[in-house]
Amino acid sequence: MTVTGLWVALATLALGTVIGVVRLRRDGRVHEAGGDRLSADDLGSGLGARATLVQFSTAFCQPCRATRRVLADVSALVPGVGHVEIDAESRLDLVRRLGITRTPTVLVLDAAGGIVKQAAGQPRKADVLAALAQAVPDS
């Protein structure tokens, strides 16, 4: 291997490492989302009375399974919160409309179906609960 080839290989390795670290730090982070509103027709299921957790998944997505468990736990824990899982491959129209680029992607909707928060990747339970605190009105 030449010296130039070695430098190219090292630069590629360094760039890959940086990209991996950045993606790992951003994975599952819940952030502000907005503008769009989803209806029961969009979801193929009714909205929760107080909020809805919408999960976009694919069949062979390993983190989607863990995300499903987290969202099911949260929806069971917080009264009036529904959980809807959507197969991204069968709902490409909705995926394109919302700009979903990876699975799992989680949307937190308020009672009217407005998208309040969004997370790409597997979110932590604490982050989902904190996002719900902003979506669910005080009772």
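Residues numbered from 1 in each chain as written. Predicted model: local features only at pLDDT ≥ 70, side-chain atom pairs only at ≥ 80, totals over all residues. Heavy atoms only, no water.

**What to know about the state of the cysteines**
- Counted by the stated rule, this structure contains one disulfide.
- A disulfide bridge connects C61 with C64, and the sulfur atoms are separated by 2.2 Å. Disulfide C61 to C64: torsion about the S-S bond roughly 85°, handedness right-handed. Across the pair, exposure class does not vary: C61 and C64 are buried alike. (Disulfide = S-S within 2.5 Å. Buried < 20%, exposed > 50% of the residue type's maximum accessible area, 1.4 Å probe, protein only.)

**Side note on unusual backbone geometry**
- P104 follows T103 through a cis peptide bond whose omega is -5°.
- Mapping P104 onto the fold places it in the loop between α4 (92-98) and β4 (105-110). (Helix = DSSP H or I, 4+ residues; strand = E, 2+ residues; numbered from the N terminus.)

**Digging into the nonpolar core**
- Membership of the largest hydrophobic core comes to 15 residues, with the highest contact counts inside it found for L53, V74, V81, V108, V128 and L132.
- Elements supplying a minimum of two residues to this core: β2 (51-57), α3 (62-77), β4 and α5 (125-135).
- Looking at this core element by element, the count peaks at four residues for α5.
- With residues near it in sequence (within four places) discarded, V128 still touches L53, V70, L71, V74 and P123. (Core = buried A, V, L, I, M, F, W, Y, C linked by side-chain atoms within 4.5 Å. Contact = heavy atoms within 4.5 Å.)

**Focus: the side chain of S57**
- Of note, S57 is situated in strand β2.
- Among the polar contacts made by the side chain of S57, one reaches the side chain of Q55 at a distance of 2.8 Å.
- Engagement of the side chain of S57 in a polar contact is seen with the side chain of E85, the distance being 2.8 Å.
- Here S57 is in contact with C64, E85, I86, D87, A88 and T103, once residues within four sequence places are set aside. (Polar contact = N/O pair within 3.5 Å; in protein donor to acceptor, adjacent residues only side chain to side chain.)

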